[in-house]
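# Report on the structure
One-letter residues, chain by chain:
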Amino acid sequence: MDHRPSLSEPPKSPPSPPLPPLPTDPGFWRSPVRGVRFTAVLGLVLLVGLTLVFVTGLLSYAAYNPDLAPVNDKTPDRGWLGFYLFDWPTDPYWLYRLTQGFHVTVGIALIPVVLAKLWSVIPRFFALPPVRSLAHALERISLLLLVGGVLFELITGVLNIQLEYLFPGSFYPLHFYGAWVFFAGFVAHAALKLPKALAAIRSGELRSARPGGGAGAYRAPGGPADDDLASPRPAAPTVSRRGALAVVGAGSLFMLLTTAGRSFDGPLRRTALLAPHGWEDPGSGPNGFQINKTAASVGVRAAETTDAWRLTLGGPAGEIRLSRAQLLAMSQHTSELPIACVEGWATSNQSWRGVRLRDLAVLAGCPADSPPGVFVESLQRRGSFRTGALRDNQVRDGRSLLALQVNGADLSLDHGFPARIIVPAAPGVLNTKWVTALTFGGV
Ligand SMILES: Nc1nc2c(c(=O)[nH]1)N[C@H]1C(S)=C(S)[C@@H](COP(=O)(O)O)O[C@H]1N2
Ligand SMILES: [Mo]
């Protein structure tokens, strides 16, 4: 019903103009979809989903070894956020492809759920008085960490994969510390709300705001009054609560289906409609698979990779310089390995061929049974990939190569000619291209 005074028939008595409701007034929020159960269903999905995204994210830090000293160093006296860091294994070889594909794909697919969950509790953000008690104050602080944290993580994560490292270098600490801030709020929130959410879910069907339903349609344990998220004066429903959940689910599924293809190549990658940069055709043939950064884009010129190129080996035996022909004359080995980028995309297995890192370690004077880690340098001068480091367990693995060829042909310039690193289960970022120097024990 419309109670506004009509212009054609001015009211007889002096009107007391109805004040428009403010967001702090529960009656301001009129969607009949809001209700405890709607929020509870989304909350439980996020409880499981975001926990898995958090855990796979932490794994990525162990794999990437970002050296966040002094707070989170990998050294024995590393800081307290690094309590869980461990030597990332090289088995199974697809480990990082799985964990990081999951992290990025599920993180993106949960965006509609996070937005719906925030929408479902908007009235709470405006509730007055802002603080009712000490417990309530603590709860609101945890909400600040939670909401601020989850939005920060989603935004930095998406920007990082869409805009080619918008925060070069600083993305890693930002996203890492942001994750812990988020998780602190998440744990507090789950501990406070889980009992209520479970009770709401158990209390019967997800009764909707079906036509004629309204706020009372949800039968909370103590009656409709218990549903403090339901609007006290709901508007006529246009969609049921189930329908609204289905819309959120469809949004999630859409994100999932348009993202998951990134973890594959061939026709499946073409389904990754939301895939970002660099999806220009890598061409066909042996080198026709996904390229992260082309040689041209980082200023690597073909001339510096040919005749004058030498690999400088460092180690106990002193400095040794090797030409590509000398490397090809060493024992060659083949490894079937994918490249799995921190951005969540991956290639299928490629057949890499080259010299074992541990053979190079021995040549550099290191013990064959316990080679140390290696410091890797690239001739690339532009960008942040000049150097990288591999751990001793990665050098020891016989599948870890200084690759010279791929799929039966020489590496293309874009895939790292004349020589690149390839290591099982390692994040793509450790597979340095255009290698010029390997210093064993240098890490
Ligand atoms: N020198 C150098 N090495 C590099 C990179 C780079 O930009 N420069 N990108 C790294 C990243 S992030 C990934 S995912 C892989 C991608 O390898 P590809 O371009 O051959 O697919 O190379 C890694 N090695
Ligand atoms: Mo990458």
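A short tour of the structure in this document, coming up. (Residues numbered from 1 in each chain as written. Chains lettered and ligands numbered in written order. Predicted model: local features only at pLDDT ≥ 70, side-chain atom pairs only at ≥ 80, totals over all residues. Heavy atoms only, no water.)

## Some points on the site of ligand 1
Every one of the 19 residues lining ligand 1 counts as a neighbour, but Gln290, Gln380, His415, Arg420 and Lys433 are closest to it. At 2.7 Å from an oxygen atom of ligand 1 is found a main-chain nitrogen or oxygen belonging to Asn292. Within the contact set of ligand 1, a nitrogen atom lies 3.0 Å away from a backbone nitrogen or oxygen of Asn431. Relative to its unbound accessible surface of 530 Å², ligand 1 loses 100% to contact with the protein. (Near = heavy atom within 4 Å. Polar contact = N/O pair within 3.5 Å; in protein donor to acceptor, adjacent residues only side chain to side chain. Areas by Shrake-Rupley, 256 points an atom, 1.4 Å probe, with all protein chains shown as cover.)

## Observations concerning the packing of helix α2 (residues 95–109) against helix α3 (residues 111–120)
Contact pair α2 / α3: the axes reach a minimum separation of 4 Å and the direction vectors enclose 40 degrees. Here Gly107, Ile108 and Ala109 of α2 come into contact with α3, specifically with Ile111, Pro112 and Val113. Counted by class, the contact of α2 with α3 contains 5 nonpolar, 1 polar and no charged residues. (Axes fitted to C-alpha atoms, helices over the stretch in contact; angles between N-to-C directions. Helix = DSSP H or I, 4+ residues; strand = E, 2+ residues; numbered from the N terminus. Contact = heavy atoms within 4.5 Å. Nonpolar A, V, L, I, M, F, W, Y, C, P; charged D, E, K, R; others polar.)

## With respect to the environment of Gly35
Relative to the elements of secondary structure, Gly35 occurs in the segment before α1 (36–64). Take Gly35: its relative accessible area is 0%, and that puts it in the buried class. Excluding residues that lie within four positions of it along the chain, Gly35 makes contacts with Asp227, Leu229, Ala230 and Arg241. (Buried < 20%, exposed > 50% of the residue type's maximum accessible area, 1.4 Å probe, protein only.)

## What about α1?
A rise of 1.5 Å per residue sets the reference length of α1, with its 29 residues, at 42 Å; its end C-alpha atoms lie 41 Å apart and thus fit the reference within 8%. Asn65, located one to two residues past α1, shows a positive phi value of around 55 degrees. (Expected span 1.5 Å × (residues − 1).)

## Things to note about the packing of aromatic side chains
Counted by the stated rule, this structure contains 16 aromatic pairs. Relative to Phe176, the ring of Tyr61 lies with its centre 4.5 Å away and its plane at 50 degrees, an arrangement referred to as tilted. Taken as a pair, Tyr61 in helix α1 and Phe176 in helix α6 (residues 171–202) lie far apart in primary sequence, 115 residues in all. For the residue pair Tyr61 and Phe176, the accessibility class agrees, reading buried in each case. An aromatic cluster is built from Phe54, Phe83, Tyr84, Trp180, Phe182, Phe183 and Phe186, whose rings are joined through pairwise contacts. (Phe/Tyr/Trp six-rings, centres within 6.5 Å; stacked < 30°, edge-to-face > 60°.)

## Let's talk about the sheet that holds strand β2 (residues 320–322)
Pairing is mixed in the open sheet, where 5 strands are placed in the order β2-β1-β10-β5-β6. Only two strands of the sheet have a single partner each, and these edge strands are β2 and β6 (387–390). Taken pair by pair, the neighbouring strands of this sheet meet at an average axis angle of 20 degrees, ignoring direction. (Pairing = 2+ DSSP bridges.)

## Considerations on the pattern of salt bridges
Think of it this way: side chains of opposite charge can pair up when their charged atoms draw near. Taken as a whole and assessed by the stated rule, the structure comprises 7 salt bridges. Here Arg399 makes a salt bridge to Asp91, at a shortest N to O gap of 3.2 Å. Of the two residues, Arg399 is situated in the loop between α10 (392–396) and β7 (401–406) and Asp91 in the loop between α1 and α2; the sequence distance between them amounts to 308 residues. The shortest N-O distance in the salt bridge between Asp228 and Lys196 comes to 3.2 Å. Of the two residues, Asp228 is situated in the loop between α6 and α7 (241–257) and Lys196 in helix α6; the sequence distance between them amounts to 32 residues. (Salt bridge = Lys/Arg side-chain N within 4 Å of Asp/Glu carboxyl O.)

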